[in-house]
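# Working through the structure, step by step
Take a look at the letters that make up each chain.
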Amino acid sequence: MTDHYELLGVESDASKDEIKAAYRAEVADADSSRRAQLNRAWNVLSDPVQRERYDEQRVAQVGDEVDESGTEVAVVGARSRATGARRGPVSTTVEAESVSTNGSGKNGAAGRGSKAPPPPPKVPTIELPEGLVQAPTRARSYAMALDFSVLVVIFILVYWIGGTVIKNQYPAETHRIDRLSDQSTAADKAKSKADDAKGKANDALDKAKKGGSSATVSAAQDKADAATSKAKAADKESKQVADDLTKAQSKLRTPYLLVYLAILVLSLLYCVPMSVRTGQTFGKRLRRVRLVRIDGSPPGWTSSLIHYGLPIFLTLALVQVLGPLAIILGLGVVLWNLRDRNRQGVHDKLAKTFVVEA
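Residues numbered from 1 in each chain as written. Predicted model: local features only at pLDDT ≥ 70, side-chain atom pairs only at ≥ 80, totals over all residues. Heavy atoms only, no water.

Under the counting rule described, the total for this entry stands at 9 salt bridges. With its nearest N and O atoms 2.5 Å apart, the salt bridge here joins Arg 140 to Asp 348. One end of the pair, Arg 140, is in helix 6 (residues 137-169); the other, Asp 348, is in helix 13 (residues 346-351), and 208 residues separate them in sequence. Across the pair, Asp 348 and Arg 140 agree in class, each one buried. The shortest N-O distance in the salt bridge between Lys 191 and Asp 195 comes to 3.2 Å. Highlighted residues: Lys 191 and Asp 195, both in helix 7 (residues 171-211), separated by 4 residues, approximately one helical turn. Here the residues in one salt-bridge network are Lys 191, Asp 195, Asp 235 and Lys 239, joined through shared partners. (Salt bridge = Lys/Arg side-chain N within 4 Å of Asp/Glu carboxyl O. Helix = DSSP H or I, 4+ residues; strand = E, 2+ residues; numbered from the N terminus. Buried < 20%, exposed > 50% of the residue type's maximum accessible area, 1.4 Å probe, protein only.)

Among the secondary structure elements, Ser 141 is positioned in helix 6. Between the alpha carbons of Ser 141 and Leu 335 there is a distance of 8.6 Å; along the sequence they are 194 residues apart.

Moving on, we get to the pairing of strand 4 (residues 353-357). Of all 5 residues that make up strand 4, 5 are buried, and the element is covered over most of its length. With 5 bridges connecting them, strand 3 (residues 289-293) and strand 4 associate as antiparallel partners. Pairing of Val 292 across the sheet is with Phe 354, part of strand 4. (Pairing = 2+ DSSP bridges.)

What follows covers the nonpolar core. Counting 30 residues, the largest nonpolar core has Leu 151, Ile 263, Tyr 270, Cys 271, Val 289, Ile 312 and Leu 316 as the members making the most contacts within it. Only helix 6, helix 7, helix 8 (214-250), helix 9 (253-278), strand 3 and helix 11 (300-322) provide two or more residues apiece to this core. In terms of residue count, the dominant contributor to this core is helix 9 (10 residues). What Leu 151 contacts, discounting residues up to four positions off in sequence, is Ser 267, Tyr 270, Cys 271 and Ile 312. One finds Leu 8, Ala 14, Tyr 23 and Val 133 within the second-largest nonpolar core, a separate group that totals 17 residues. (Core = buried A, V, L, I, M, F, W, Y, C linked by side-chain atoms within 4.5 Å. Contact = heavy atoms within 4.5 Å.)

If you want it as structure tokens, here you go:
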């Protein structure tokens, strides 16, 4: 495994600023091959999560080393880097032990049932242009959270204003929809209650047939028939109300589509124009990250529209059908960057963009 600290010429307890300075000093005069190695080292060590995983793997590898004489190298100290703060150095002690297990040496840690080392950080398949560094996961996530909050406010305000206007313009239709919605809820409850009564009546009939008299069976059959009839009537009523509600809602479909179109346009107006030249929305500017294309150039109109438009359009297009699940799908498109080896969300891949440090 390549030692990223040795490659950059820093200690394992170096702070992020020290690592950044070392990276910039080394990459300035590096050839393309060494520059690729330096970029990989910086991408791992600049991210607290990836750095922690790399340190654990590095420690585990040192702990597994055994010299030719059976000397065990045991790691006795390694501190977490999850917060990105400066840590103490990793200390190692070398303790000479004679290993006499059928005359062959074994790793002492493995013999004590130690856990397998974590998988190494995934190596990016796309190399960024010189001077560009992947944005830290935390900074990118905070920037996304800030922009998402603004988009939620836009959605709530526009939907509330649009709904108010629609109610004022179409009072009869709106009142009918509200009334049918209440009726639909009541009909669904009645249907559920009738189905339960039908099930109990059928159970009583089966029990009567097993050991009851003919009179008892006849009475149970009458109750079962009556419960079945009520269940069918309740089901018919529920379907009729649902159909009436769908027809009533269809009359206001166009006005509400205009409301969603306004939300889409205002959301894109917030995200895209600011991003075209600088690659920064307000959230990205506050967290000091920016959007670039694969070649390092500003995203422009096309890439910005795809990058921001895809998750917003997907959410708005599905929210009436899937409800809150549509928001989860929209966020999933963006948050795919947390699993991707190149730290690209689905929208990044389609737009051919990266989020880098500003």
